[in-house]
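Survey of secondary and tertiary structure
Here is how the chains run, residue by residue.
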Amino acid sequence: MDNIAIELRGIDKSFGPVHANKNINLKVRKGTIHGIIGENGAGKSTLMSILYGFYQADSGEIIVDGRPITIRDPNAAISAGIGMVHQHFMLVENFTVLENVMLGAEDSQILNKGIAKARQELKRLEKEYALEVNPDALIEELPVGLQQRVEILKALYRKADILILDEPTGVLTPAEADHLFRILGQLKAQGKTIILITHKLREIMAITDEVSVMRRGEMVATRTTGETSVEELAELMVGRRVLLRVQKGEGTPGDVKLSVQGLTVKDSRGVTMVDDVTFDVRAGEIVGIAGVAGNGQSELLEAIAGIRKATTGTVLLNGESVDVTGHRDPAALRARGLAHVPEDRHHVGLVLKFEESENAILGYHNDPRYLNGVFLNIDAIRKDAEEKIAKYDIRPPNARLKTANFSGGNQQKIVLAREMERGPDVLIIGQPTRGVDVGAIEFIHKRIIEMRDQGKAVLLVSVELDEIRALSDRILVMFAGRVVGERSPDATEGELGLLMAGVEGRKEAAE
Amino acid sequence: MDFFHVLVVLLESTIRVSVPLVFAALAGLFTERAGVFDIGLEGKMLGAAFAAGAAAAVTQSVWIGLIAAILISVLLSLVHGYASITQRGNQIVSGVAINFIVAGSTVILGEAWFRQGGRTPALAEGARFQIVNFPGADAAREVPILGPIYADLLSGHFLLTYLAFAMVPISWWILYRMRFGLRLRAVGENPGAVDTAGISVIWLRYRAVICCGILCGFAGAYLSLAMTAGFVKGMTAGKGYIALAALIFAKWRPKNVMLACLLFGFLDALAIRLQGTPLPLVGQVPVQLMQALPYILTVILLAGFIGKAIPPKAGGVPYVKER
């Protein structure tokens, strides 16, 4: 059993009534890339946090290199040779790369000596693993891809032999993700063991040697990657067969319902976030906006929805002009047939402390249907909510439950039900399936296509390129606030990826 | 008196009134850089001033007075630390509570122990700090320009005054050249980064809070053992808040902290100097207006003249491990 880098035996962990990990067994072979896949809330992150000493397991054993060890805190994990690259980077943004790498491993009370040593060691690591990064750059000035590289360097600097990466590609462009995979391949070639946590099946297939699937706190299967398929893994994750790509017929675009012309949005610091964007969305079509997070999609969506003030430009809704640069009035827009599913359902879409039925009418609460004079008509509201719960299969089916107690997918369905059931002419949707499990994704995608087939104009923003390609009739790519290209959904991922990285777009704009 | 002399006198009193501000603002620098906001500088300073005055009056020893000041101030810091670090309470509420407790209890205890209306007894010479005169200061005074600068500006202050200004580079060195400082600044920006690096967030923040307590102790001792001879109720008179303003004005940097404190000290000295003096064009200005001047300028400076002061990112937020 020499070749097992890390073994977990009977790991069990509960948080109050939530049984996050149930009797988990796992063996990871030395020098391999081992994927751990599962839906949100399946217990992947909890398991890895136990491995890194963030939490202690209620029971169970951790065996590293054949020796059972207790990992009481991250320090113990580090000295056992375990390094972790967190999903949200654990970096101090106004420190330099060097300072971040040496934090916690400074060697001596006074920094000078440690700095010289760290600089040397960093140079060696850069060479050995081809991980170039300027040690004196401030973290906040680096692109996310490089920030992640710093996280990897941090782990290597602490002499990690086992590297855990938690959802590493969520913030990366396809090209950056490919680069990361090359780095991981190199680390593996140098004998490092890598544990990759993700919910993206494609990544698992592309890079891992073995894959373990978690579902509802249990480790349900371990497979050799070469001997399994995306379909099998998806089924293991969800516990039933799922359609990974929804069926969609040809669209029949009609009149222009939403027209955006020369829209420019600046943020509070005066930085241009959306730069002279023009496009139309017709009835019966889905226009998808692709792009890496932070390239102006959010601001564009908010400006159209009337939440954020635009600097210049015009927006026509059903052919009539909307005052996007002056007075913001999202309620008036709603009354004119615009529905908005915001990107961030926790902060914008829902009030988590309200009960489900209250969220189901949020923003439409002045509708006479829900009122009794100046009072709310609670019975009507609950009845309405129950109808939506049935139609959208929201679970648990309890209109009086606090919204925070629903899972991500069900919360998203609450928002979708509220906005779609009003029968809007134009539906704008941001990140429809962020933090939503595979089973619910299928349902949400079907509903969006149904809306299109009913002749609604749909504007879709998502950072998941697969989602954009599966749903859209036309794809616009945004980079640095500009629309840098339009493609059909048949465009290859590579082509879209180049546009998203701003490589192709510049040429196109120049021509 | 010619203009030069007026200036020397003004600057000399600027230094005198700046000392508690420098101590207190540096104290705030340590905790706030570690992510614990501290509105209780005022209370700690006042508590320290009382402890110093009381202990020195009883023991007739200035050093025991100083030690008592530091002990009480550190104790109050630990109360704030327990509330805001261990119990993850609201840091503003905890700080305000400390200010109120100290403001009331010093008067009660002072009255109970000394029966002088909340004061501590006036201290004899041996029980307070003495002025340090540089060699040849008196002789040098006759030399034009440099003489008064040496004799009145550089020489002739209390030991604590020199310590206060020495603390500025020392604090910088601790924060930017020591491992402790690197970690302290990190925990104020992203405690998660510190935690995952295997360092205890809680112990680190407690140490920062203790540093704050020690420095506030010096500030309080200066008030009752050096600037005056004994404790008078409410003698901090808002200096803790001014120090906090100076800290923000200085954008949480040691050298700027000193400059900001000197600026506020100068305004204070100017206000004292100008009381009862008719100004050209305006004539006699009411005393109250002159006294309010430093505070009015504080508001103006903070409102418009410093650009954006970005506080430590994790400031005011108790650390909770993500679940």
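Numbering of residues starts from 1 in each chain and follows the order in which that chain's sequence is written. Here every chain gets a letter starting at A, and every ligand a number starting at 1, in the order they are written. Owing to the predicted nature of the model, reporting of local features is limited to residues with pLDDT of at least 70; listing and counting of side-chain atom pairs is limited to 80 or more, with chain, interface and lining totals taken over all residues.

Describing the overall build of chain B
- Of regular secondary structure, chain B possesses 13 helices and 2 strands.
- Two things to know: the radius of gyration comes from C-alpha atoms, and the globule rule equals 2.2 Å times the number of residues to the power 0.38. Computed over its C-alpha atoms, the radius of gyration of chain B comes to 20 Å, within 12% of the 20 Å expected for a compact globule of 323 residues.
- Projected onto the principal axes, the alpha-carbon positions of chain B cover approximately 70 × 50 × 40 Å.
- Counting other C-beta atoms within 10 Å of each residue's C-beta, where C-beta atoms are placed from the backbone, gives the exposure class: buried for 20 or more, exposed for 12 or fewer, partly exposed between. Burial analysis of chain B (323 residues in total) assigns 47% to the buried set.
- Each residue gets a C-beta atom placed from its backbone, and two residues are in contact if those atoms lie within 7 Å. When contacts within chain B are restricted to residue pairs at least 6 apart in sequence, those whose partners lie at least 24 apart make up 77%. To qualify as a helix, a DSSP run of H or I must reach at least 4 residues; to qualify as a strand, a run of E must reach at least 2; elements of each kind are numbered from the N terminus.

What about the overall build of chain A?
- If you tally the helices and strands in chain A, you get 18 helices and 22 strands.
- On C-alpha atoms alone, chain A measures out to a radius of gyration of 25 Å, which is about the 24 Å that the 2.2 N^0.38 rule sets for 511 residues.
- C-alpha atoms of chain A, sized along the principal axes, occupy 70 × 55 × 45 Å.
- The proportion of buried residues among the 511 residues of chain A is 45%.
- For chain A, restricting intrachain contacts to residue pairs at least 6 apart in sequence, the fraction spanning at least 24 positions comes to 66%.

As for the nonpolar core
- In this description, a nonpolar core means buried residues of the types Ala, Val, Leu, Ile, Met, Phe, Trp, Tyr and Cys, linked to one another by C-beta atoms lying within 7 Å. Formed by 229 residues in total, the largest nonpolar core has its most connected members in I164(A), V477(A), F23(B), A25(B), A52(B), A219(B) and A246(B).
- In terms of residue count, the dominant contributor to this core is helix α10 (residues 201-227) of chain B (15 residues).
- A domain assignment, automatic or from a database, supplies the domain bounds used here. Residues from two domains meet in this core; each of domain 1 (4-238) and domain 2 (256-350 + 420-510) of chain A gives at least three.
- Ignoring sequence-local partners within four residues, the contact set of A25(B) consists of A243(B), A246(B), L247(B), V257(B) and C261(B).

Looking at the sheet that holds strand β22 (residues 482-487) of chain A
Residue and element names in this part refer to chain A.
- Pairing in this open sheet of 6 strands is mixed, and the strands run β16-β19-β20-β13-β21-β22 from one edge to the other. The open sheet terminates on both sides in strands that have one partner only, identified here as β16 (338-341) and β22. The sheet shows a mean angle of 20 degrees between the axes of neighbouring strands, direction not considered.
- Taken strand by strand, helix α14 (residues 408-420) contacts β16 and β19 (426-430), and its axis lies near 175 degrees from that of β16.
- The strands that helix α17 (residues 493-500) touches are β13 (285-290), β21 (474-479) and β22; relative to β21, the one it contacts most, it runs at about 35 degrees. Strands are treated as partners if at least two bridges between them are detected by DSSP. Axis lines are fitted through C-alpha atoms, for helices just across the contact stretch, and the angle between N-to-C directions can take any value from 0 to 180 degrees.

Some details on the packing of helix α1 (residues 3-33) of chain B against helix α12 (residues 254-274) of chain B
Residues and elements named next belong to chain B.
- In contact at an axis separation of 7 Å, α1 and α12 are set at 140 degrees when each is read in the N-to-C sense. Our classification of the angle between α1 and α12 gives oblique. For the pair α1 and α12, the crossing hand works out as right-handed.
- Residues of the contact of α1 with α12, tallied by class, amount to 17 nonpolar, 4 polar and 2 charged. Our angle categories are set so that under 35 degrees counts as roughly parallel, over 145 as roughly antiparallel, 65 to 115 as roughly perpendicular, and the remainder as oblique. A crossing counts as left-handed when the near helix is turned anticlockwise from the far one by less than a right angle, and as right-handed when that turn is clockwise. Note on residue categories: nonpolar means Ala, Val, Leu, Ile, Met, Phe, Trp, Tyr, Cys or Pro, charged means Asp, Glu, Lys or Arg, and polar means any other residue, Gly included.

Digging into α17(A)
- When α17(A) is considered as a whole, its buried residues turn out to be L496(A), G497(A), L498(A), L499(A) and M500(A).
- Once α17(A) finishes, G502(A) follows within two positions and takes phi at roughly 80 degrees, a positive value.

Looking at the pairing of strand β7 (residues 162-166) of chain A
Residues and elements named next belong to chain A.
- The element β7 is largely enclosed, with a buried count of 5 among its 5 residues.
- Burial along β7 is two-sided: I162, I164 and D166 facing one way and L163 and L165 facing the other are all buried.
- By the bridge criterion, 5 bridges tie β7 to strand β8 (residues 193-198) in an arrangement that is parallel. Directly across from L165, in β8, lies its bridge partner L196.
- Call a crossover right-handed when, viewed with both strands pointing away from you, the route from the first strand across the helix to the second goes clockwise. Read as a crossover between parallel neighbours, the route from β7 over helix α6 (residues 174-189) to β8 is right-handed.

What about the interface of chain A and chain B?
- Contacts between the two partners involve 22 residues from chain A, matched on the other side by 17 residues from chain B.
- Among the elements that take part in the side of chain A that touches chain B, helix α2 (residues 74-79) of chain A stands out by supplying 3 residues, more than any other.
- Each residue belonging to the side of chain A that touches chain B can be placed in one class, and the counts come to 12 nonpolar, 6 polar and 4 charged.

A few points about the confidence of the model for chain B
- For every residue, the predictor assigns a confidence score, pLDDT, that lies between 0 and 100. This prediction gives chain B a mean pLDDT of 90; 98% of its residues lie at or above 70.
- Note on the complex model: pTM 0.79, ipTM 0.87.

Considerations on helix α8 (residues 179-189) of chain B
- The buried fraction of α8(B) is high, at 9 of 11 residues.
- When α8(B) is considered as a whole, its buried residues turn out to be R179(B), L182(B), R183(B), L184(B), R185(B), A186(B), V187(B), G188(B) and E189(B).

A few points about the domain arrangement of chain A
All names here are of chain A.
- Each domain of chain A was delimited in the assignment, giving domain 1 (4-238) and domain 2 (256-350 + 420-510).
- Of all the elements in the fold, those that place two or more residues in the side of domain 1 that touches domain 2 are α6 and α8 (230-238).
- With 3 residues, the single largest contributor to the side of domain 1 that touches domain 2 is α8.
- The class makeup of the residues in the side of domain 1 that touches domain 2 is 6 nonpolar, 2 polar and 1 charged.

Notes on the environment of A105(A)
Residues and elements named next belong to chain A.
- Within the secondary structure, A105 sits in the loop between α3 (97-102) and α4 (111-129).
- Taking the C-alpha atoms as reference points, A105 and N23, separated by 82 residues in sequence, lie 34 Å from one another.
- If near-sequence neighbours (up to four positions away) are discounted, A105 is found in contact with Y157 and R158.

A closer look at the packing of α1(B) against α10(B)
Residues and elements named next belong to chain B.
- Where α1 contacts α10, the axes come no closer than 7 Å and their chain directions differ by 170 degrees. Classified by the interaxial angle, the pair formed by α1 and α10 is roughly antiparallel. Where α1 approaches α10, its residues R16, V19, P20, F23, A24, L26, A27, G28, F30 and T31 are matched on the opposing element by A208, V209, C211, C212, L215, C216, F218, A219, Y222, L223 and M227.

Looking at the environment of E442(A)
- If you trace the backbone, E442(A) turns up in helix α15 (residues 438-453).
- Spatially, the C-alpha atoms of E442(A) and R245(A) are 7.7 Å apart, while their sequence positions differ by 197 residues.

Examining the sheet that holds strand β3 (residues 33-38) of chain A
Residues and elements named next belong to chain A.
- Taken in spatial order, the 6 strands line up as β6-β7-β8-β3-β9-β10 in an open sheet, and their pairing is mixed. Looking at strand neighbours, the two that pair on one side only are β6 (82-85) and β10 (218-224), the edges of this open sheet. Neighbour to neighbour, the strand axes of the sheet diverge by 20 degrees on average, direction disregarded.
- Most of the contacts of helix α5 (residues 144-157) go to β6, to which it runs at about 170 degrees, and overall it touches β6 and β7.

Observations regarding the pairing of β8(A)
- When you tally the buried positions in β8(A), you get 6 out of 6 residues, the bulk of the element.
- Of the two faces of β8(A), both are covered, the one formed by T193(A), I195(A) and I197(A) as well as the one formed by I194(A), L196(A) and T198(A).

A closer look at unusual backbone geometry
- Here R395(A) and P396(A) are connected by a cis peptide whose omega angle stands at -5 degrees.
- Along the chain, P396(A) turns up in the loop between α13 (378-391) and α14.
- In this structure, E167(A) takes a positive phi of about 45 degrees despite not being glycine.
- Of note, E167(A) is situated in the loop between β7 and α6.
- Even without glycine at this site, W252(B) takes up a positive phi of about 60 degrees.
- Structurally, W252(B) is set in the loop between α11 (239-249) and α12.

Remarks on the confidence of the model for chain A
- In the predicted model, chain A carries a mean pLDDT of 89, and the fraction of residues at 70 or more is 98%.
- No element of chain A has a lower mean pLDDT than helix α18 (residues 503-510) of chain A, which averages 56, and none a higher one than strand β20 (residues 457-461) of chain A, which averages 96.

Description of the environment of V287(B)
Residues and elements named next belong to chain B.
- Tracing the chain through its elements places V287 in helix α13 (residues 287-305).
- Judged by local crowding, V287 falls into the exposed class, with 12 C-beta atoms found within 10 Å.
- C-alpha separation for the pair V287 and Y82, spaced 205 residues apart in sequence, amounts to 43 Å.

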